[in-house]
Each structure stands twice: as structure tokens, then as C-alpha cells.
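These are the residues of each chain, in order.
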Amino acid sequence: MQMLKAYAKDFWRYRYLLQNLIGRDFKLKYRRSVLGVVWSVLNPLLMNVVMVVVFSTLFDMRGSGIENFSVYLLIGQLLFNFFNEGTGSAMGSMLSAAPLIKKVYIPKYIFPLERVCFALVNCLFSFIALVIVMLVTGAKLHATVLLAFYPLLTLFVFTLGIGLALAAATVFFRDVMHLWGVFTLALNYFSAIFYDPEQMNPLVVGSVELSLSQVIRFNPLYWYITGFRATVLDGTGLTWSMVWICGLCAVIALAVGIALGLGYGDNAKAALITRGNAELSRLGVAMGCQASTFAGLSGMGDLIVTCTSMHSRNLHAGMLMGRGMNGEEAKKEVGQVVEGINALPAARKLAKKYKVEMPIVDVVAAIISGELDARNAVASLMGRDLKRE
């Protein structure tokens, strides 16, 4: 809970930066354009006309049972385009912002978040085109349209999660940018944008009959698009399947994105805990303690709890310093006693007195004093030569 509060405060502190970045991208997109923001409405309208003509005449794949195919198609297009634009632009956001990130501390998630927010702004403007098409085609206005915010909101969270994961992956693997374009092209055809999957004939492979409508249900985008159609076009509201699948996919995607965005996974944490316990053991043995003591609850047990529990004041302070705060700022933000910071001077004196090597203690001291950047410091620790532990 404390970690969530810290992230909320951090986000609130940089809200003006987020607003300015969105405004900047909005101005750049429509700079020197005669129609400007009108293209956000005109583009989906023109694309919808082309697609309706194509799939109603040249390729009659829309299915005879689809009511108001124009609105049905446009909803699919708008939501998929939002996902495609949001993830595609978020993917390279950290790379493009690298010069700024290296100069001053800015939460890195701000840049993918800004790109997804900007894509949402474009999507909301494009909904004007949806209103126009509904009026022209005489579509009914249902009371369930108020529920449309849920699939749109969960799609936003889902897109943000995927965008965060892609942004982190692209920093290390540039090939992700090329692979993602191919993947979204395939996803476009498996999201039921211009057809009703219930009317698709099963695919027969040898003696096995494969239901394509069931396969498409494994695509999260299908549920967001179907849920939005149910509230806006059909007037049937959201089923429980739509509610929990949309919500769960969004939460999982966001969790994965945050984990990748941090840069260090469970293996790195385990390595630091193991090496930390080795440092404690070396100092303890030099002072006359038994090595087995540090393998029990008072040693490794207590270390695991303080390094992993969300109730740990030391962990909370460490996360704050990892995001750019110094030791005093972190202590003030935590608002309680941070034993690790207070015990650090004594630990260094004991290490010097008993001539024990304690690199983690030395690096943490350098981070608190501002001599080392947290990320570079952790990278140097993880890059040390292998030891017995």
C-alpha cells in the first residue's frame, strides 16, 4: 500500500509534464495541416466508407446477420486503431526520450503513459465519426451506452500494460519494433473487426475440425471490441464474461509491463539477497558469531522479509531512492524509522575494523550520499566477479 501511495505521489508530482507532453504531440501531429484536428474525425469516416464498400461488394465477408454493418465495422476499427497506435508509439517512447532521461530524473513510465494517453485523446475525437455514422444509418441510442466506458477504460489499461512491456523490451532488443508490426497485422484479422466469428465455418485440418470462433475468443481485443459493441450497438449490456475477462487481462498486462519496466527481475533480487546474506555472515563470523546463525530465521529469514515485504520500511526507502530521491528525502517520505539508513555508518565502521569486504554496504552508502546513481550502482554490483556464494 505504501508503494502505491509513493507511485501516486510521484505521478501527481509530474502531472504537468504529462500534460505538456500530450499537448506537444498533439500540436506536432497537426502542424501545417489545413484541416488539423478534423482529420481525427475525417480519417475514420473515409476509411469506414472504403471498408464498407470493399466488404459489402468485392468481398462479401461481413455476414448477412450483422445489423448495421457500418457501425459494427467502425467500432472495431476505432478500438483496434487505439490499441495499435498506443502500443506502437509507446514502444519507442523511452528510446526517443533517452537524452532527457539521462540529464534529469523523470519517472520512465511517464513516456509510454503519455503516448497511450495521446492515442486515447485521438480515439475520443474519432468517436465523433462514430456518432455521425450512427445518425446517418439511423442506429438506435440505447441506455447501455453509458456502460461503454468500462471496455474503453480496461482497454486503456491493457494498452498501457502492453506499451510499458514493449518500451522496456525495445531498449534491449530493437527487433521488437519490427516483430510487433507483423504481430499487429495478424491480430487485426483475429479481432472480429469486419466479420462475425459466430458465422465462420469451422476449419478442417486433416480429420480435426477446428472452431475458429473459439480460437478468436482467446484474443483479449475481441472481448474489448465485443463489449463496446454490446453497449453501444446492440443495447444488451455487458455479460459477466466480458466484465471479468476485460478487467483481468488489463490487470495482468499492467503488472507485466511494470515488472519489465523496472528492469530487474526476481533473479536479480535473489542474487542481491544471497550476496547480502554472505556479507552479513562474513562480518558476523569475524566478530565471533557462528555461521549457521545467519542461515536461520534471524539471518536469512529476516533478510528475506525485509527485502520483499511491502510493509518493509527499508524496502520502501530503497524504492524511493531507486527513483531518484536521496537518503534524507526517502526517510522523510517514509515518515518512519528506516533502520537500514541509520545502521549504515556503524556497519561501515565494523567492516573497516574487522577488515571485512562489504560491497553492498559501500554501494548503498554511495547512493545515499549521492556519489552513485542507483541503477548504475546496482548494475556494478550485479557485474561483480562470481564469489563462493
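Okay, so let's go over this structure. Source: prediction; values computed, not measured.

Right, let's get into the packing of helix H7 (residues 110–137) against helix H8 (residues 149–172). Between H7 and H8, whose axes approach to 9 Å, the crossing angle comes to 145 degrees. You can see that H7 and H8 cross each other, and the crossing is right-handed. Where H7 abuts H8, its residues Pro112, Leu113, Val116, Cys117, Leu120, Leu124 and Phe127 lie against Leu152, Phe156, Thr159, Leu160, Gly163, Leu164 and Ala167. Tallied by class, the residues present in the contact of H7 with H8 amount to twelve nonpolar, two polar and no charged.

Next up on the list: the packing of aromatic side chains. Across all of its chains, the model carries seven aromatic pairs by this definition. For the pair Phe127 and Phe228, a centre-to-centre distance of 5.6 Å together with 20 degrees between the ring planes defines the contact as stacked. With Phe127 in helix H7 and Phe228 in helix H11 (residues 220–234), this residue pair connects regions lying 101 residues apart in the sequence. Assigned by exposure class, Phe127 and Phe228 land together as buried. On the basis of an interplanar angle of 80 degrees and a centroid distance of 6.1 Å, the ring pair of Tyr189 and Phe194 is categorised as edge-to-face. Residue class for Tyr189 comes out partly exposed when judged on its relative accessible area of 46%. When its relative accessible area of 5% is taken as the criterion, Phe194 is described as buried. Feature note: the residues Phe83, Phe158, Trp180, Phe183 and Tyr224 constitute an aromatic cluster, connected by ring pairs. Above the face of the Tyr72 ring, Arg229 is positioned so that its terminal group lies 3.5 Å from the ring centre.

Among the structural elements, Ser126 can be located in helix H7. Ser126 gets classed as buried once you look at its relative accessible area, which sits at 10%. One polar contact links the side chain of Ser126 to the main-chain carbonyl oxygen of Asn122, over a distance of 2.9 Å.

Turning next to the side chain of Thr154. Tracing the sequence through the fold places Thr154 in helix H8. Among the polar contacts listed, one links the side chain of Thr154 to the backbone oxygen of Pro151, at a separation of 3.2 Å. Contacts of Thr154, omitting those with residues within four sequence positions, involve Tyr224, Cys246, Gly247 and Ala250.

Criteria and cut-off values
- Residues numbered from 1 in each chain as written.
- Predicted model: local features only at pLDDT ≥ 70, side-chain atom pairs only at ≥ 80, totals over all residues.
- Heavy atoms only, no water.
- Axes fitted to C-alpha atoms, helices over the stretch in contact; angles between N-to-C directions.
- Helix = DSSP H or I, 4+ residues; strand = E, 2+ residues; numbered from the N terminus.
- Left-handed = near helix turned anticlockwise from the far one by under 90°.
- Contact = heavy atoms within 4.5 Å.
- Nonpolar A, V, L, I, M, F, W, Y, C, P; charged D, E, K, R; others polar.
- Phe/Tyr/Trp six-rings, centres within 6.5 Å; stacked < 30°, edge-to-face > 60°.
- Buried < 20%, exposed > 50% of the residue type's maximum accessible area, 1.4 Å probe, protein only.
- Lys NZ or Arg CZ within 6 Å of the ring centre and 35° of its normal.
- Polar contact = N/O pair within 3.5 Å; in protein donor to acceptor, adjacent residues only side chain to side chain.

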